[in-house]
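Here is what each chain is made of, one letter per residue.
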Amino acid sequence: MPNTVGILGIVGSPREGGNTDTLVTEVLRGAEEAGARSHKLFVGRYKITPCTACGGCVKTGRCVSRDGMDDLMPLMEANPVWVLGTPVYWWGATAQMKLFIDRWFAPWVHPKTREMFRDRVAVVVTPLGDADAAVARHTTGMFGDIFAFLGIPIAATVV
């Protein structure tokens with residue numbers, strides 16, 4: 001019986017069709033060849049407002065802002081494997097990716113909605129072009145720290 005695990009490819013680059021998109025697509029293609037089902041999204045297509053630290057999510061586990069995260073959170077919940085791809089912008093993730101990740105605070109802060117992070121696996125994809133791999137150290141380190149904090153293992157890091 002084929003593997004029916006859902007893999008969510010999350011492209012944090014503002015350039016569709018660029019290196020990040022290509023690498024995430026290749027990771028998803030490999031997973032599909034192994035029998036998984038996948039879905040790819042581009043974070044930049046969703047209007048995501050920044051966290052305002054209002055504390056409204058502490059009571060409900062849901063951000064008070066109604067925006068693109070309303071569409072993205074159900075996709076994260078439905079897929080146990082997340083492939084996050086971002087190019088390196090000034091030694092970090094893109095603004096689009098960082099907005100997306102910052103908004104994970106809302107479900108994480110509430111015990112009832114924190115479940116969306118349980119039993120997940122992550123893959124981190126960071127293209128560099130002709131840059132030295134050391135350029136990605138802060139970006140991959142950020143993902144490593146985030147996923148360690150959430151208790152989510154990183155199955156692979158592609159730099």
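The structure under discussion appears in the preceding block.
Summarised in this report is the structure supplied together with it. (Residues numbered from 1 in each chain as written. Predicted model: local features only at pLDDT ≥ 70, side-chain atom pairs only at ≥ 80, totals over all residues. Heavy atoms only, no water.)

### Focus on the overall build of the chain
Formally: Counting from the N terminus, the helices are the DSSP runs of H or I reaching at least four residues and the strands are the DSSP runs of E reaching at least two. When we talk radius of gyration, it's over C-alpha atoms, and the globule rule is simply 2.2 Å times the number of residues to the 0.38. Think of it in three bands: residues with accessible area under 20% of the maximum for their type are buried, residues over 50% are exposed, and the middle band is partly exposed, with areas taken using a 1.4 Å probe on protein chains only. Reported accessibility uses the Shrake-Rupley method at a 1.4 Å probe radius. Residues are deemed covered only where the shown protein chains occlude them.
Tallying secondary structure elements over the chain gives six helices and five strands in all. Reading the helices (α) and strands (β) of the chain from amino to carboxyl end gives β-α-β-α-α-β-α-α-β-α-β. Compactness check: the chain gives a C-alpha radius of gyration of 15 Å against a globular reference of 15 Å for 159 residues, within 12% of the reference. Principal axes of the C-alpha set define a box for the chain whose edges measure 45 × 45 × 30 Å. Of all 159 residues assigned to the chain, the portion counted as buried reaches 42%. Only carbon and sulfur atoms are counted for the fraction: they give 58% of the accessible area of the chain, which is about 8400 Å².

### Concerning the packing of aromatic side chains
Defined as follows: In this scheme Phe, Tyr and Trp rings, the latter by its six-membered ring, pair at centre separations within 6.5 Å, and the angle between planes marks the pair as stacked below 30 degrees, edge-to-face above 60, and tilted otherwise. A ring has a charge above it when a Lys NZ or an Arg CZ is no more than 6 Å from the ring centre and no more than 35 degrees off the ring normal.
Scanning all chains against the criterion turns up nine aromatic pairs. An aromatic cluster of three or more residues is present, and its members are Trp82, Phe100, Trp104, Phe117, Phe143 and Phe147. In this structure, arginine 114 is placed above the aromatic ring of tryptophan 108, and the distance from its NZ or CZ to the ring centre is 4.7 Å.

### So, the pairing of strand S5 (residues 154-158)
We apply this condition: For two strands to be treated as a pair, DSSP must find no fewer than two bridges joining them. Orienting the strands away from the viewer, one traces the path from the first strand over the helix to the second; a clockwise path indicates a right-handed crossover.
One ladder, built from four bridges, connects strand S4 (residues 121-125) with S5; its direction is parallel. For valine 124, the partnering residue across the bridge sits in S5 and is threonine 157. The handedness of the S4 to S5 crossover, carried by helix H6 (residues 137-150), is right-handed.

### Re the nonpolar core
This is how the line gets drawn: Among the buried residues, those of types Ala, Val, Leu, Ile, Met, Phe, Trp, Tyr and Cys that are joined through side-chain atoms within 4.5 Å form a nonpolar core. Only heavy atoms enter the contact rule, under which two residues are in contact if any of them lie within 4.5 Å.
If you look at the biggest cluster of nonpolar residues, it comprises 26 residues, and the most contacted ones within it are Ile10, Trp82, Leu84, Phe100, Trp104 and Phe147. Of all the elements in the fold, those that place two or more residues in this core are strand S1 (6-11), helix H3 (69-78), strand S3 (81-85), helix H4 (95-102), S4 and H6. No other element matches H6, which puts five residues into this core. Those residues within four positions of leucine 84 in sequence are excluded, and the remaining contacts are Ile10, Met97, Phe100, Trp104, Val123, Val124, Val125, Phe143 and Phe147. Val11, Val24, Phe42 and Val83 belong to the second-largest nonpolar core, a separate cluster that totals eleven residues.

### Some words on the pattern of salt bridges
When the charged atoms of two side chains with opposite charge come close together, those side chains can pair. Note the cut-off: Any Lys or Arg side-chain nitrogen found within 4 Å of a carboxyl oxygen on Asp or Glu counts as a salt bridge.
Counted under the stated rule, the structure contains nine salt bridges. Between aspartate 70 and arginine 66 there is a salt bridge; the shortest N-O distance is 2.6 Å. Relative accessible area serves as the criterion here: at 45%, arginine 66 is assigned to the partly exposed category. Glutamate 115 serves as the salt-bridge partner of arginine 118, at 2.7 Å between the closest nitrogen and oxygen. In this structure glutamate 115 comes out as partly exposed when scored by relative accessible area, which is 40%. Connected through salt bridges with shared partners, the residues Glu26, Arg29 and Glu33 form a single ionic network.

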